[in-house]
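One letter stands for each residue in the lines below.
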Amino acid sequence: MKEYWTSLASILGVFAFCQTILQTVFPPELRFATAKLFNKIFNCFSSYCYFEITEIDGVNTNELYNAVQLYLSSSVSITGNRLSLTRAVNSSAFTFGLANNDSIVDTFNGVNVVWEHVVTQRNSQTFSWRPLPDEKRGFTLRIKKKDKKLILNNYLDYIMEKASDIRRKNQDRLLYTNSRGGSLDSRGHPWESVPFKHPSTFDTLAMDPEKKQEIMNDLEDFANGQGFYHKTGRAWKRGYLLYGPPGTGKSSMIAAMANFLGYDIYDLELTEVHNNSELRKLLMKTSSKSIIVIEDIDCSINLTNRKNNKNNGLSSGSGLGCSRSYYESVGEIRGGAGGGEENGNSITLSGLLNFTDGLWSCCGSERIFVFTTNHIEKLDPALLRSGRMDMHIFMSYCSMQALKILLKNYLGCEEGVDLEESVMKELEEVIGMARMTPADISEVLIKNRRKKERAVDELLEILKVRAKKNGKNGEGGEDDDEEEEEEQEKRALDSDSPKQESEVEDDCKEGSEEEEKIK
């Protein structure tokens with residue numbers, strides 16, 4: 001045994017001597033060049049190529065590294081036994097990832113690729129303005145050389161898109177509002193935000209199922225339509241106008257749209273915006289994949305028919321008909337008896353139209369504009385045309401289909417199971433004539449939600465009283481609501497068609513001649 005240890009010590013001594021000779025004869029530069037040569041020879045015979053994706057690129061964080069990390073966390077084919085568990089800021093979900101020096105096999109377009117998470121200790125660093133982490137992290141992507149040209153670019157684009165979707169789904173959505181008086185927050189942003197927790201979905205929305213499905217299909221086509229919008233040369237945006245009586249679910253519809261698409265909401269308060277320039281700056285500070293909402297637009301901005309506004313301007317004798325832009329004379333913010341300018345607001349109809357459909361509206365992508373109003377006939381036709389408000393959605397009084405959804409939501413009643421057929425028939429007979437909004441019916445059900453029979457009986461009684469009262473006043477049912485919807489939209493579109501620039505100039509000339517005669 002002693003001889004064995006003596007021999008081993010002699011061998012180790014020889015190795016140490018040889019290593020010293022090699023370091024003396026072969027300098028580090030020569031050894032590095034030799035290793036590089038052998039590496040090239042090995043790569044020539046290897047059927048794989050390797051790509052390194054480091055966590056930090058110089059002094060900046062590598063966005064691709066974060067995207068790969070998120071993408072791999074969604075894969076179910078992780079082969080390692082050790083997984084990392086993380087939760088991002090403002091996230092409501094936990095995500096799994098690769099542990100240090102673990103690997104995963106992924107498949108894209110029928111081609112297998114291998115990802116390895118490489119973590120090594122960083123060498124002692126010299127002085128740096130930005131301290132670097134102690135560990136050097138990165139991913140190594142291994143692809144067969146024959147498949148490199150086929151999938152590399154498309155695969156990386158797919159990873160970036162997939163990671164963006166995962167990030168959006170994991171993060172809590174935000175509700176933004178513009179700061180009071182156009183002020184900026186501590187980060188220099190004009191928007192203030194709070195977490196968006198509204199639980200409304202299309203499943204709980206009291207609305208005709210066919211109309212809901214139509215809206216959902218339209219939203220899906222929009223969200224998946226990047227290629228279509230690019231091919232047709234259109235800005236990737238869409239406008240929705242929600243109109244109808246108060247309490248019919250317009251705000252709930254917006255929340256359901258946001259939850260369905262996973263978009264943030266920007267609630268724009270026009271009375272806090274001073275001018276068109278500030279309106280454009282607010283638009284520039286909104287993010288993609290968002291819904292920009294202006295509620296009760298007929299109460300925020302004076303968008304009545306231009307012809308009436310023109311006559312009012314001439315009769316005042318102030319010369320506003322032509323000394324200022326024609327659109328400016330009709331788009332003043334309502335500010336009491338003194339007008340909008342006295343309160344420092346000068347948003348014009350032209351500015352609002354450019355906001356929704358002008359050149360500035362395409363400074364972002366995948367954005368939805370939603371306007372709500374209780375009186376569509378008060379809006380200027382220029383605001384309603386396709387390209388600005390592409391889809392007009394009438395939020396009507398509660399129908400029988402909507403009532404069934406409310407009964408299921410609040411009382412857990414299923415048709416034909418919890419309610420007798422005779423009761424459902426009575427409800428169907430009076431619901432149309434009663435003309436009650438989903439909000440009114442919801443309040444009745446909430447009060448008696450612990451006593452289903454009492455809730456249904458009280459609701460039926462109220463519906464009968466309302467139906468009888470409306471019958472005496474000559475008000476119709478659901479069919480009349482549809483006719484009223486068509487009539488309101490027709491009046492709004494046909495009351496005063498949008499004028500061309502030449503017509504506006506002619507109006508200004510006529511106004512000047514009339515003023516000269518008056519003088």
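Coordinates for the structure precede this section.
Predicted model only: the values in this text are computed from it and were never measured.

### Remarks on the overall build of the chain
Part 1 of the argument: Counting its secondary structure elements, the chain contains 19 helices and 15 strands.
Part 2 of the argument: Per-residue burial over the chain gives 40% buried out of 519 residues.
Part 3 of the argument: Here the analysis covers contacts within the chain between residues at least 6 apart in sequence; of these, 70% occur between residues at least 24 apart.
Part 4 of the argument: Carbon and sulfur atoms provide 50% of the accessible area of the chain, an area that totals close to 30400 Å².

### Considering helix α4 (residues 145–170)
Part 1 of the argument: In this model, α4 (26 residues) spans 35 Å end to end at C-alpha, consistent with the 38 Å of a helix rising 1.5 Å per residue.
Part 2 of the argument: Bending of α4 peaks at approximately 55° at the position of isoleucine 151.

### Things to note about the packing of aromatic side chains
Part 1 of the argument: Under the criterion given, the structure shown has 15 aromatic pairs.
Part 2 of the argument: Judged by centre distance (6.3 Å) and plane angle (40°), the ring pair of tryptophan 115 and tyrosine 155 falls under tilted. In this pair, tryptophan 115 sits in strand β7 (residues 111–121) while tyrosine 155 sits in helix α4, placing the two residues 40 residues apart along the sequence.
Part 3 of the argument: Judged by relative accessible area, which is 0%, tryptophan 115 ranks as buried.
Part 4 of the argument: On the basis of relative accessibility, which here comes to 0%, the residue tyrosine 155 falls in the buried class.
Part 5 of the argument: Both rings, one in phenylalanine 222 and one in tyrosine 229, keep their centres 5.9 Å apart while their planes meet at 80°; by these two values the pair is edge-to-face.
Part 6 of the argument: Residue phenylalanine 222 is classed as buried on the basis of its relative accessible area, which comes to 1%.
Part 7 of the argument: By relative accessible area, which is 7% here, tyrosine 229 ends up buried.
Part 8 of the argument: These aromatic residues form a ring-pair network of at least three members: Tyr65, Tyr71, Phe108, Trp115, Phe139, Tyr155 and Tyr158.
Part 9 of the argument: The ring of tyrosine 48 is capped by arginine 142, whose NZ or CZ atom sits 4.4 Å from the centre of that ring.

### Observations regarding the sheet that holds strand β13 (residues 290–294)
Within a sheet, each strand pairs with its neighbour through backbone hydrogen bonds, oriented either parallel or antiparallel.
Part 1 of the argument: In space, the seven strands of this open sheet follow the order β10-β9-β12-β13-β14-β11-β15, with mixed pairing throughout. Each of the sheet's edge strands pairs with one partner strand only, and the pair in question is β10 (191–195) and β15 (391–394). Taking each pair of neighbouring strands and ignoring which way they run, the sheet shows an average axis angle of 20°.
Part 2 of the argument: Across four bridges, strand β11 (residues 237–243) lies against β15 in parallel orientation. Across the sheet, tyrosine 243 pairs through a bridge with phenylalanine 394, a residue of β15.
Part 3 of the argument: Each of β11, β12 (264–267), β13 and β14 (367–373) is contacted by helix α7 (residues 250–261), which is oriented at about 170° to β14, the strand it contacts most.
Part 4 of the argument: Its contacts with the sheet place helix α12 (residues 349–357) against β11, β13 and β14, and it is angled at close to 140° to β14.

### Quick look at the sheet that holds strand β1 (residues 48–54)
Part 1 of the argument: The antiparallel open sheet is built from four strands, whose spatial order is β1-β8-β7-β6. In this open sheet, the two strands that pair with only one neighbour each are β1 and β6 (103–108). Across the sheet, the mean angle separating the axes of adjacent strands is 25° when strand polarity is ignored.
Part 2 of the argument: Examined bridge by bridge, β6 and β7 share six bridges and lie antiparallel to one another. Each bridged residue has a counterpart across the sheet, and for isoleucine 104 the counterpart in β7 is tryptophan 115.
Part 3 of the argument: Along the sheet, helix α3 (residues 63–73) makes contact with β1, β6, β7 and β8 (135–144), crossing β8 at roughly 70°.

### Quick look at the environment of serine 10
Part 1 of the argument: As for its position among the elements, serine 10 is in helix α1 (residues 2–25).
Part 2 of the argument: Taking the relative accessible area as the measure of exposure, serine 10 reaches 44% and is therefore partly exposed.
Part 3 of the argument: One polar contact links the side chain of serine 10 to the main-chain carbonyl oxygen of threonine 6, over a distance of 3.0 Å.

### Re the side chain of lysine 289
Part 1 of the argument: Tracing the sequence through the fold places lysine 289 in the loop between α8 (276–284) and β13.
Part 2 of the argument: Dropping the residues within four chain positions of it, lysine 289 is found in contact with Ser164, Asp165, Arg168, Tyr263, Asp264, Ser365, Glu366 and Arg367.

### Thoughts on the packing of helix α5 (residues 209–223) against α7
Any two packed helices are characterised by the angle at which their axes cross and by the distance between the axes.
Part 1 of the argument: Here α5 crosses α7 at 45°, and the two axes come no closer than 11 Å. As far as their axial angle goes, α7 and α5 are oblique. Judged by the sense of rotation from one axis to the other, the crossing of α5 with α7 is right-handed. Side by side, α5 and α7 meet where Ile215, Met216, Leu219, Glu220 and Ala223 of the first sit next to Met253, Met257, Phe260 and Leu261 of the second.
Part 2 of the argument: Broken down by class, the residue content of the contact of α5 with α7 amounts to eight nonpolar, no polar and one charged.

The rules we used
- Residues numbered from 1 in each chain as written.
- Predicted model: local features only at pLDDT ≥ 70, side-chain atom pairs only at ≥ 80, totals over all residues.
- Heavy atoms only, no water.
- Helix = DSSP H or I, 4+ residues; strand = E, 2+ residues; numbered from the N terminus.
- Buried < 20%, exposed > 50% of the residue type's maximum accessible area, 1.4 Å probe, protein only.
- Contact = heavy atoms within 4.5 Å.
- Areas by Shrake-Rupley, 256 points an atom, 1.4 Å probe, with all protein chains shown as cover.
- Expected span 1.5 Å × (residues − 1).
- Bend = angle between axes of the 7 residues up to and from the residue.
- Phe/Tyr/Trp six-rings, centres within 6.5 Å; stacked < 30°, edge-to-face > 60°.
- Lys NZ or Arg CZ within 6 Å of the ring centre and 35° of its normal.
- Pairing = 2+ DSSP bridges.
- Axes fitted to C-alpha atoms, helices over the stretch in contact; angles between N-to-C directions.
- Polar contact = N/O pair within 3.5 Å; in protein donor to acceptor, adjacent residues only side chain to side chain.
- Parallel < 35°, antiparallel > 145°, perpendicular 65-115°, else oblique.
- Left-handed = near helix turned anticlockwise from the far one by under 90°.
- Nonpolar A, V, L, I, M, F, W, Y, C, P; charged D, E, K, R; others polar.

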